[in-house]
Amino acid sequence: MQDIIGTEREVQGPGWTSRRMLLKKDGMGFSFHETIIPAGAELNLWYKHHLEAVYCVAGNGTITDKATGETHEITDGTLYALDQHDQHTLRGGTEDMRLICAFNPPVTGREVHDEDGAYLPDTSED
Ligand code: 9YT
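The chain carries the name L-ectoine synthase in an unreviewed UniProt entry, which gives Marinobacter nitratireducens as its organism. Turning to the chain, the UniProt record has this under Pathway (unreviewed entry): "Amine and polyamine biosynthesis; ectoine biosynthesis; L-ectoine from L-aspartate 4-semialdehyde: step 3/3." The Sequence similarities (unreviewed entry) field of the UniProt record for the chain holds the comment "Belongs to the ectoine synthase family."

With that settled, consider the overall build of the chain. Each helix and strand in the chain was counted, giving zero helices and 10 strands. The linear arrangement of helices and strands in the chain, starting from the amino end, is β-β-β-β-β-β-β-β-β-β. Considering the chain as a whole, with its 126 residues, one finds that 39% of them fall into the buried category. Excluding contacts between residues fewer than 6 apart, the proportion of contacts in the chain whose partners are at least 24 apart in sequence is 62%. In the form shown here, the chain has an accessible surface area of approximately 6,800 Å², with 51% of it arising from carbon and sulfur atoms.

What the four strands build is an open sheet, ordered β4-β9-β6-β7; its pairing is antiparallel. Only two strands of the sheet have a single neighbouring strand rather than two, namely β4 (42-46) and β7 (71-75). In this sheet, adjacent strand axes meet at a mean angle of 25° when their direction is disregarded. Relative to β7, strand β6 (residues 60-65) runs antiparallel, the two being bridged by five bridges. Within β7, the position partnered with Asn60 by the bridge is Thr75.

Moving on, we get to the sheet that holds strand β3 (residues 31-37). Overall, antiparallel pairing links the six strands, which are arranged β1-β2-β3-β10-β5-β8 in an open sheet. Each end of this open sheet is capped by a strand with a single partner; those strands are β1 (10-13) and β8 (79-82). Each neighbouring strand pair of the sheet contributes to a mean axis angle of 20°, computed without reference to strand direction. Pairing geometry for strand β5 (residues 51-58) and β8, over four bridges, is antiparallel. Within β8, the residue paired with Glu52 across the bridge is Leu82.

Moving on to the environment of Glu70. Along the polypeptide, Glu70 turns up in the loop between β6 and β7. When residues no more than four places from it in sequence are discounted, the contact partners of Glu70 are Ile63, Thr64 and Asp65.

Side chains bearing opposite charge may pair, as long as their charged atoms lie close to each other. Under the defined criterion, the tally for this structure stands at five salt bridges. Its salt-bridge partner being Glu10, residue Arg19 comes within 3.0 Å of it at the nearest N-O pair. Judged by its relative accessible area of 22%, Glu10 is partly exposed. Between Arg91 and Glu42 there is a salt bridge, and its shortest N-O distance comes to 3.1 Å. Of this pair, Arg91 sits in strand β9 (residues 87-92) while Glu42 sits in strand β4; the two residues are 49 residues apart in sequence, bridging distant segments of the chain. Overall, the relative accessible area of 31% leaves Arg91 in the partly exposed class. Beyond isolated ion pairs, a larger network of salt bridges with shared partners links Glu10, Arg19, Glu34 and Arg98.

Criteria and cut-off values
- Residues numbered from 1 in each chain as written.
- Predicted model: local features only at pLDDT ≥ 70, side-chain atom pairs only at ≥ 80, totals over all residues.
- Heavy atoms only, no water.
- UniProt positions renumbered as here; feature names shortened; annotations may be inferred.
- Helix = DSSP H or I, 4+ residues; strand = E, 2+ residues; numbered from the N terminus.
- Buried < 20%, exposed > 50% of the residue type's maximum accessible area, 1.4 Å probe, protein only.
- Contact = heavy atoms within 4.5 Å.
- Areas by Shrake-Rupley, 256 points an atom, 1.4 Å probe, with all protein chains shown as cover.
- Pairing = 2+ DSSP bridges.
- Axes fitted to C-alpha atoms, helices over the stretch in contact; angles between N-to-C directions.
- Salt bridge = Lys/Arg side-chain N within 4 Å of Asp/Glu carboxyl O.

Encoded structure:
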């Protein structure tokens, strides 16, 4: 992780910082990230083109499933899996939340969140 901080593999947006440990170009078939959600942040996300599993290893927060309105607490040891391209809201809690995330298909590192909080599908060859 020390090798990634401060490089192009560390990416920041409003309410998140993400360190991409594995990207598409690393050839694993998935991408693998550490994402920090600061206390009190709110993110509206929708990975329309990706499946995502997220495991919390520190801090706390919540996730709300926009389809059902259900909110789940997230703390050290919580896993959530977005297998339905679920629209969701992620909220930081009282302490910065540290999340380990895997994406299938892998993120290339060039995506930007669109107006829905989605990443566009990857059409690149590398
Ligand atoms: C928590 C979450 O959705 N993390 C996704 C990874 C992050 N947005 C990134 O690396 O782009």
